[in-house]
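Survey of secondary and tertiary structure
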Amino acid sequence: MASWKVAIATAAAFVGAQAATTNYTSSTDPTKITLPDIPQTSSYDVNTECQYYESEFSNYDKTLWPNSWEIATSNNMNTSKEFTDLYNSIDWSKAPNIQPSTLGPDGGLVMTSYNTAEDPNCWWSASGCVAPKGEGINADIFECPEPETLGLTFDDGPNCSHNAFYDFLEENKQKASMFYIGSNVMAWPYGALRGVKDGHHIAGHTWSHQLMTTLSNQEVLAELYFTTKAIKYVTGLTPLYWRPAQGDLDDRVRWIATQLNLTAIIWNIDTDDWAAGSMPGITADTVQQNYKNFVEMGKNGTFANSGALILSHEINNQTMDFAIQNYKALSEAYDHIIDVATCMNISNPYVEESITFPTFEQYAKDGASTATGSGASPAGTNGADSGAFSIHSLANGSLFIAALFAVLLLA
């Protein structure tokens, strides 16, 4: 890899010195994960997959956690000793003086009075800014530095109905970066463990999927902290990377994340898969055309100098099926499809060093991205042919349905 690309990867992977008092604990050894032989971990029937199960993670003290799918300061977390110690360990005098953004009547971010041209806050939602303008703030990762390379990412997991999708990825020896929502991790712990066991790169995606720039400093900190705590509690891994809901972050949010040693991973191509059938003007055909466009971009030299990071979701069976249907064409259009940790040469995407990822050079030499120490082994195929794999026959869901399941489970 060219020296300037090494420099970019190193700079993007830099994580600020930890300043916060955290209390992440776990009894899970991420190198020795064994999933129980229960229908929820192997079935392809959505009703079976999403049936509640008791696990070794079920009997946690709910007074020490936010309410599922509510802002993470809920359940009096903002006044708990654990959170107060965390908050007070941070020197807030150094935080950027940026006020939270607001939502309009339509639920969208209000930008009418914001100077988008100068973009003083490096507000991604307003300008696509990824390079912080303040000091001591971790810069965003937004592309793979390697040419003709596609960084594969999926948001909003672990989805309780992802067995067929994860089996498909395993059959194709395909690793991805999975951005897990804290509430989902607590509701579906075996789904999160499956991601680690299969060797995927696991990162955070907030506790309750809020637009982060609209939250107070306490709320931003809580959303990040309790998501990391949940992933650590279940998987034994403390992620160093995260993704904001809808990419909404600015230098204030980045600075708070930096205090927790977290670096944001954004994207530079977006499938809009989550919006198919739920947002005006976006249909399944719209998403399929987006995928076709990205396939063409992989062929026509668009990424001849540096690669892409694609935003897609495991939010429901429709979004996962989009990925399955278009995987073959994408793999033929790009020289490499890999997880973000590998494309960025991040060997240690977690605090724990028991699991490491290959550098891009190692991956290219070996022909596959494998997380050392994850104990990844081929998943059951249920007799499925990856060439004709589909989960269209499964009932379609949404982020709301996932949230409803989680609320019912954790109530």
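Structure shown above.
What counts, and at which threshold
- Residue indices follow the written sequence of each chain, beginning from 1 at its first position.
- Owing to the predicted nature of the model, reporting of local features is limited to residues with pLDDT of at least 70; listing and counting of side-chain atom pairs is limited to 80 or more, with chain, interface and lining totals taken over all residues.
- Just so you know, side-chain values use all the structure's heavy atoms and leave hydrogens and water out.
- The secondary structure listing takes helices from DSSP runs of H or I that are at least 4 residues long and strands from runs of E that are at least 2 residues long, numbered from the N terminus.
- We call a residue buried when its accessible area falls under 20% of the maximum for its residue type, exposed when it is over 50%, and partly exposed in between, using a 1.4 Å probe and counting protein chains only.
- Every residue pair with non-hydrogen atoms within 4.5 Å of one another is taken to be in contact.
- To be clear on the numbers: accessible area is Shrake-Rupley with a 1.4 Å probe, and residue cover counts the displayed protein chains and nothing else.
- Pairing of N or O atoms within 3.5 Å defines a polar contact, subject to two protein rules: one partner must be a possible hydrogen donor and the other a possible acceptor, and residues neighboring in sequence count only if both atoms are side-chain atoms.
- We define the nonpolar core as a collection of buried residues of types Ala, Val, Leu, Ile, Met, Phe, Trp, Tyr and Cys that are connected through side-chain atoms lying within 4.5 Å of one another.
- Only protein atoms enter the calculation, which uses a 1 Å grid: trapped sets of points that fit a 1.4 Å probe without letting it out are cavities, open sets showing protein on both sides within 12 Å along at least five of seven lines are pockets, and any residue with an atom within 4 Å of a point is a lining residue.
- Grid points are joined across faces, edges and corners, and a volume is the space filled by probe spheres set on the points.
- Charged residues are taken to be Asp, Glu, Lys and Arg, nonpolar residues to be Ala, Val, Leu, Ile, Met, Phe, Trp, Tyr, Cys and Pro, and polar residues to be all remaining types, Gly included.
- In what follows, a disulfide is any cysteine sulfur pair within 2.5 Å.
- Geometry of aromatic contacts follows a simple scheme: Phe, Tyr and Trp rings, the Trp one being its six-membered ring, pair when their centres are within 6.5 Å, and the pair is stacked under 30 degrees between planes, edge-to-face over 60, tilted otherwise.
- Between the first and last residue of a helix there are one fewer steps than residues, each counted as 1.5 Å, and that sum is the expected span.
- Along the arc lie the directions from the helix axis toward the C-beta atoms.

**A closer look at the overall build of the chain**
Summing up its helical and strand segments, the chain has 14 helices and eight strands in all. Here the chain holds 411 residues, and the buried ones make up 57% of them. For the chain, the share of sequence-separated contacts (at least 6 apart) that also reach a separation of at least 24 residues comes to 77%. On the chain, roughly 16500 Å² of surface is accessible, and the fraction owed to carbon and sulfur atoms is 51%.

**Comments concerning the side chain of Asp167**
Here Asp167 lies in helix α5 (residues 163–171). Polar side-chain contacts of Asp167 include one of 2.6 Å to the side chain of Arg194.

**Looking at the nonpolar core**
Side chains of nonpolar character tend, in soluble globular proteins, to be buried together. Core analysis: the largest hydrophobic core is formed by 105 residues, its most contacted members being Leu224, Phe226, Trp242 and Leu260. Dropping the residues within four chain positions of it, Phe226 is found in contact with Leu64, Trp65, Pro66, Ala72, Met77, Phe83 and Trp207.

**Here we look at empty space enclosed by the protein**
The tally for this structure, following the rule as stated, stands at three cavities of 30 Å³ or more. Roughly 120 Å³ of volume is contained in the largest cavity. For the largest cavity, the lining is made up of 13 residues, of which Gln40, His162, Asn163, Tyr190 and Gly191 are closest to its centre. Ranked by the residues each element gives to the lining of the largest cavity, the list is headed by helix α7 (residues 189–197), at three residues. The volume enclosed by the second largest cavity comes to roughly 70 Å³. What lines the second largest cavity is simply Leu152, Phe154, Phe165, Phe168, Leu169, Tyr291, Ile310, Ser312, Ala323, Tyr327 and Leu330. In terms of residue class, the lining of the second largest cavity is made up of ten nonpolar, one polar and no charged.

**Comments concerning the state of the cysteines**
A complete count under the given rule lists three disulfides for this structure. There is a disulfide in this structure between Cys122 and Cys129, and the S-S distance comes to 2.0 Å. Taking the sign of the S-S torsion, -95° for the link of Cys122 and Cys129, the bridge is left-handed. A relative accessible area of 13% means that Cys129 is categorised as buried. Residue Cys144 pairs covalently with Cys343 via a disulfide, S to S 2.2 Å.

**Comments concerning the packing of aromatic side chains**
Enumeration over the complete set of coordinates arrives at 22 aromatic pairs. Here the aromatic rings of Trp92 and Trp255 are separated by 5.6 Å at their centres, their planes lie at 55°, and the arrangement is tilted. Placement of Trp92 in the loop between α3 (81–88) and α4 (124–127) and of Trp255 in helix α9 (residues 251–259) is noted, with a sequence separation of 163 residues between them. Trp255 matches Trp92 in its accessibility class, with the two residues each being buried. Ring geometry for Tyr225 against Phe226: centres 5.0 Å apart, planes inclined by 80°, an arrangement best described as edge-to-face. Judged on exposure class, the residue Tyr225 and its partner Phe226 are both buried. Members of the aromatic cluster, each reached through a chain of ring pairs, are Tyr24, Phe57, Tyr60, Trp65, Phe83, Tyr87, Trp92, Trp207, Tyr225, Phe226, Tyr233 and Trp255.

**Examining helix α10 (residues 284–299)**
For α10, built from 16 residues, the straight-helix expectation of 22 Å at 1.5 Å per residue is met to within 8% by its first-to-last C-alpha distance of 23 Å. Buried residues of α10: Val287, Gln288, Asn290, Tyr291, Phe294, Val295 and Gly298, and no others. The arc enclosing the buried residues of α10, seen along the axis, measures out at 155°, which places them on a common side. Summarising the geometry of α10, the exposed residues directed more than 90 degrees from the buried face are Asp285, Lys292 and Lys299. By the N-cap criterion, in which a side-chain oxygen at the helix start approaches the backbone nitrogen of a residue two or three places on, α10 is capped by Thr283, the distance to Asp285 being 3.2 Å. Where α10 terminates, the next one or two residues include Gly301, which has phi positive at roughly 90°.

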